[in-house]
Amino acid sequence: MPPDAAGHDMTEEERLILDSVDKFIAQDVRPHAHRLEAEDAYPQAIADKLAEMGMMGATIGQDYGGLGLSATTYTRIIERVSACWMSVSGIFNSHLIAAAAVERFGTEEQKQTWLPKMAAGEMRGGIALTEPDCGTDLQGVRTTARKDGNEYVLNGNKMWITNCLQGNFLAVLAKTDPETDPPHKGMSLILIEKDAGYRTSKLEKLGYKGIDTGEVVFEDIRVPRMNLIGPDEGRGLQQILSGLELGRINIAARGVGVARACLDDALAYALERKTFGKPIAQHQAIQLKLADMATRVEAARLLVENAARAYDTGERCDMEAGMAKLFASEAAIENSLEAMRIHGAYGYSKEYNVERYFRDAPLLAIGEGTNELQRIIIARQLAERAGG
Ligand SMILES: Cc1cc2nc3c(=O)[nH]c(=O)nc-3n(C[C@H](O)[C@H](O)[C@H](O)COP(=O)(O)OP(=O)(O)OC[C@H]3O[C@@H](n4cnc5c(N)ncnc54)[C@H](O)[C@@H]3O)c2cc1C
């Protein structure tokens, strides 16, 4: 198991997969990223290629047509993709969180029905949790799913839903029993295909361009009872929170990718740009920035590896995932600002990628649970593990 450039041990199979990802990034993503991002155009050819490579089923088990990759390998893929263009990871990340909920909690019939299609990219979608009035506090969800014979009837609005326009299904968190106290016991996760008739509209964003994020409206949308994930109602919040562990590790891996891209670009620029007769990389003020940026990348990557390893061994890893997400996303934000400073005026120009990193990075502090929430999770876990 030879190590990769960062010194991590890799299996032969993993090396082959990562080599093909590197080739895909060089040939299919890097030449087009700048233009597609500027146009805020959905990268359809890139999405098709991802499906062809099996990435829509990256973490789905091989029994259901997926690649069955470990979280460790998956995060290495996400880091690579995000170091080029973070939006590309959005095509398959929330899709795989929805798939994980089906694989972990669905009935055998549901797994057989949906997972092979999700793995092939035939069914492609995401998760719909956030609403206009609630994001962090998901117990405030107002979308309802009322039972009517052998169907559920959905009503409500979801907000900031990634893949809702280009995808064709969503795993929706809804109240199947709005009166239950505590509220989470009345919440369920229901898979809704676009054919059921929900409406979508695009939201404009600062960054994370190209990927569709939008509002979803359910008005008397009917789906069969079988679309409730798992055999019983009332488990939805627990099911989705468990999927978010992988989601947080994935956001952390994106953070490492963006932080690394900032370092790579800033270093290359600092070696080339001269002031006062020498490259700016030789000025101590710039060296200090580069040293801090590189240290953040390494530290963030180690936290991601640690969380992914814990996830792969089946250990409870909400604290590890929370630490990785918190640190790596802040590393990406700090590195993007430093990369911009090192580039001087060019950092403020559309010509260079650093302004994109600066617009993309802050999303990482918001998505899959804000960084304030991660601190709360970490602190609670500290107390719990100390027997408090
Ligand atoms: C580009 C983009 C894509 C997204 N994609 C999806 C998606 O695919 N699916 C989906 O369901 N959602 C998605 N989201 C929504 C995202 O998950 C939420 O924005 C996030 O969970 C925060 O919720 P909120 O925006 O409602 O903030 P709020 O919950 O209103 O929080 C506002 C502020 O208060 C802080 N806060 C809240 N509660 C506490 C507390 N107890 N203690 C201390 N501070 C607190 C928060 O940290 C934050 O700083 C996306 C968002 C964006 C921007």
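Definitions and cut-offs
- Residues numbered from 1 in each chain as written.
- Predicted model: local features only at pLDDT ≥ 70, side-chain atom pairs only at ≥ 80, totals over all residues.
- Heavy atoms only, no water.
- Helix = DSSP H or I, 4+ residues; strand = E, 2+ residues; numbered from the N terminus.
- Rg over C-alpha atoms; globule rule 2.2 N^0.38 Å.
- Buried < 20%, exposed > 50% of the residue type's maximum accessible area, 1.4 Å probe, protein only.
- Contact = heavy atoms within 4.5 Å.
- Areas by Shrake-Rupley, 256 points an atom, 1.4 Å probe, with all protein chains shown as cover.
- Lys, Arg positive; Asp, Glu negative; His and termini not counted.
- Charge placed at Lys NZ, Arg CZ, Asp CG, Glu CD.
- Expected span 1.5 Å × (residues − 1).
- Bend = angle between axes of the 7 residues up to and from the residue.
- Phe/Tyr/Trp six-rings, centres within 6.5 Å; stacked < 30°, edge-to-face > 60°.
- Core = buried A, V, L, I, M, F, W, Y, C linked by side-chain atoms within 4.5 Å.
- Near = heavy atom within 4 Å.
- Polar contact = N/O pair within 3.5 Å; in protein donor to acceptor, adjacent residues only side chain to side chain.
- Nonpolar A, V, L, I, M, F, W, Y, C, P; charged D, E, K, R; others polar.
- Domains from an automatic or database assignment.
- Buried area = accessible area lost by both parts, 1.4 Å probe.
- Salt bridge = Lys/Arg side-chain N within 4 Å of Asp/Glu carboxyl O.

Asker: Would you mind going over the overall build of the protein with me for this structure?
Answerer: Scanning the protein from terminus to terminus reveals 10 helices and 9 strands. Whereas a compact globule of 388 residues would reach a radius of gyration of roughly 21 Å, the protein reaches 21 Å, a difference of no more than 12%. With respect to the three principal axes, the spread of C-alpha positions in the protein is 80 × 50 × 45 Å. Classification of the 388 residues of the protein by burial places 55% in the buried group. The long-range share in the protein, meaning contacts at least 24 apart out of those at least 6 apart in sequence, stands at 74%. In the form shown here, the protein has an accessible surface area of approximately 16,800 Å², with 51% of it arising from carbon and sulfur atoms. The average position of the 44 basic charges and that of the 56 acidic charges among the side chains of the protein differ by 4 Å.

Asker: Help me understand helix α6 (residues 236-272) in this model?
Answerer: One turn of the α-helix equals 3.6 residues, which is why residues spaced by three or four share an orientation. The terminal C-alpha atoms of α6, which comprises 37 residues, lie 53 Å apart, in line with the 54 Å expected from a rise of 1.5 Å per residue. The largest bend in α6 comes to about 30°, at E245. Of all the 37 residues making up α6, 28 are buried; the element is thus mostly covered by neighbouring parts of the structure.

Asker: Please clarify how the packing of aromatic side chains should be interpreted in this entry.
Answerer: By convention here, two paired aromatic rings are described through the distance between centres and the angle between planes. For the structure shown, the criterion picks out 5 aromatic pairs. Joined through ring pairs, the aromatic side chains of Y269, Y346 and Y352 make up one cluster.

Asker: How do you make sense of the nonpolar core when you look at a structure like this?
Answerer: The tendency in soluble globular proteins is for nonpolar side chains to be buried as a group. Counting residues in hydrophobic clusters, the biggest one holds 98 residues, and the most contacted among them are I46, M55, I77, I91, F92, M118 and I342. Considering every element that reaches this core, the biggest residue donor is α6, with 17 residues. Setting aside residues no more than four positions away along its own chain, M55 makes contact with I17, V21, L50, L67, I77, F92 and L96. Core analysis: the next-biggest nonpolar cluster, separate from the first, contains 17 residues, Y152, I161, V172 and Y198 among them.

Asker: Sorry if this is basic, but what is going on with the site of the ligand here?
Answerer: Of all residues adjacent to the ligand, which total 18 residues, the nearest are T130, T136, W160, T370 and E372. Between the ligand and I127, the relevant distance is 2.9 Å, taken from a nitrogen atom to a main-chain nitrogen or oxygen of the residue. Between the ligand and T162 there is a distance of 2.9 Å, counted from a nitrogen atom to a side-chain nitrogen or oxygen. Out of a free accessible area of 980 Å², the ligand has 62% covered by protein chains. Ranked by residue count, the leading element in the shell around the ligand is strand β3 (residues 151-162), at 3 residues. Its residues assigned to classes, the shell around the ligand comprises 10 nonpolar, 6 polar and 2 charged. Counting contributing residues per domain, the shell around the ligand is built from domain 2 (125-233) and domain 3 (238-385), each supplying no fewer than three.

Asker: Explain unusual backbone geometry here, please?
Answerer: Excluding glycine, residues mostly carry a negative phi; peptide bonds, for their part, are mostly trans. With an omega dihedral of 0°, the bond running from D181 to P182 counts as a cis peptide bond. Looking at the secondary structure, you find P182 in the loop between β4 (169-175) and β5 (187-193). One non-glycine residue, D40, lies in positive phi territory at about 50°. Tracing the backbone through its elements, the reader meets D40 in the loop between α1 (12-39) and α2 (44-52). Classification of D40 as buried rests on a relative accessible area of 17%. With phi around 55°, E368 is a residue other than glycine that occupies positive phi space. Relative to the helices and strands, E368 resides in the loop between α9 (354-360) and α10 (371-385).

Asker: I keep staring at the domain arrangement of the protein and nothing clicks. Help me out?
Answerer: Buried accessible area, meaning the area lost when the parts come together, often serves as the stated size of an interface. Annotation of the protein at the domain level lists domain 1 (12-120), domain 2 (125-233) and domain 3 (238-385). One C-alpha centre belongs to domain 1, the other to domain 3, and the line joining them spans 21 Å. In this assembly, 24 residues from domain 1 lie in contact with 35 residues from domain 3. When domain 1 packs against domain 3, close to 2,500 Å² is buried across both sides, 56% of that on carbon and sulfur atoms. Taken as a group, E79, M86 and I97 account for 27% of the area that domain 1 buries against domain 3, more than any other trio of residues on that side. At the junction of domain 1 with domain 3, the criterion picks out 4 salt bridges. Salt-bridge contacts for E37 lead to R359; the nearest nitrogen and oxygen are separated by 2.2 Å. Along the contact surface separating domain 1 from domain 3 lie 14 residue pairs in polar contact (both at pLDDT 80 or more).

Asker: What should I look at first to understand the pattern of salt bridges in this one?
Answerer: Pairing is possible between side chains of opposite charge, provided their charged atoms come close. Across all of its chains, the model carries 27 salt bridges by this definition. A salt bridge links R76 to E14, with the nearest nitrogen and oxygen atoms 2.9 Å apart. Taken together, the residues span a long stretch of sequence, with R76 in helix α3 (residues 71-84) and E14 in helix α1 at a distance of 62 residues. A relative accessible area of 7% means that E14 is categorised as buried. Among the ionic pairs, E39 bridges to R35, the shortest N-O distance being 3.5 Å. Of the two residues, E39 and R35 are both situated in helix α1; the distance of 4 residues between them amounts to about one turn of the helix. By relative accessible area, which is 43% here, R35 ends up partly exposed. Via salt bridges that share partners, E79, R260, D264, E298 and R301 belong to a single interconnected network.

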